[in-house]
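# Structural description and commentary
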Amino acid sequence: MHDIRASGLLLWELVAERDGEVVGHVMISRATLDGGGDIAMLSPLAVRPDVQRDGIGSALVRDVCALADAAGEPLVVLQGSPAYYPRFGFVDSRTVGITMDLPDWAPREAGQVLRLSAYDPALRGHVVDPPAFSGLD
C-alpha cells in the first residue's frame, strides 16, 4: 500500500473504524488502458477477519465507487472474486471490451468492471497496471 500511496496515482483511500480501531480499508488508484484513456482501479480491499461478514467490505466498496462516480470516472476495474463483486454491479470486463492480466490461479472472470454514470462504450483496451502493482499477486 505504501508504494501505491507514493506513486502519485492514488485517487481515494477509505478506512472503516469500529471502537476506534481500523477494521477495513479500500483504495482506488489511477490506471490506464493501452487503447487510450485513464481509468480507476479498485485495489486493495481488506477487512479484518474477526469482523468479516458484518457489511464493512460492502460499505467500503459502495462508498469508494460512489466517490469515483461523483468525480466523473467512467468506470472502475478490479481483479477479484466473481462471487463477491457482482452484487455491486461489477461484470466480467471482457463483456465490455476490457481485458487485463490476471494471476495464473485466478479465473478469467475475476477481471471485472463497474460502469459508472460517465461510462462510454468506446472506452476499450487492455488494463496497464500501475508500476506500484508490479510483483503483487
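Residues numbered from 1 in each chain as written. Predicted model: local features only at pLDDT ≥ 70, side-chain atom pairs only at ≥ 80, totals over all residues. Heavy atoms only, no water.

Below, the discussion takes up the packing of aromatic side chains. Under the definition given, this model contains four aromatic pairs. Geometrically, the ring pair formed by Tyr-84 and Tyr-85 is edge-to-face, given 4.9 Å between the ring centres and 90° between the ring planes. The two residues Tyr-84 and Tyr-85 agree in class, both being buried. Centre to centre, the rings of Tyr-85 and Phe-88 are 6.3 Å apart; their planes meet at 55°, and the pair counts as tilted. By relative accessible area, Tyr-85 is classed as buried at 9%. Aromatic ring contacts, followed pair by pair, group Tyr-84, Tyr-85, Phe-88 and Phe-90 into a single cluster. Looking at Arg-115, its charged tip hangs above the ring of Tyr-119, at a distance of 5.9 Å from the centre. (Phe/Tyr/Trp six-rings, centres within 6.5 Å; stacked < 30°, edge-to-face > 60°. Buried < 20%, exposed > 50% of the residue type's maximum accessible area, 1.4 Å probe, protein only. Lys NZ or Arg CZ within 6 Å of the ring centre and 35° of its normal.)

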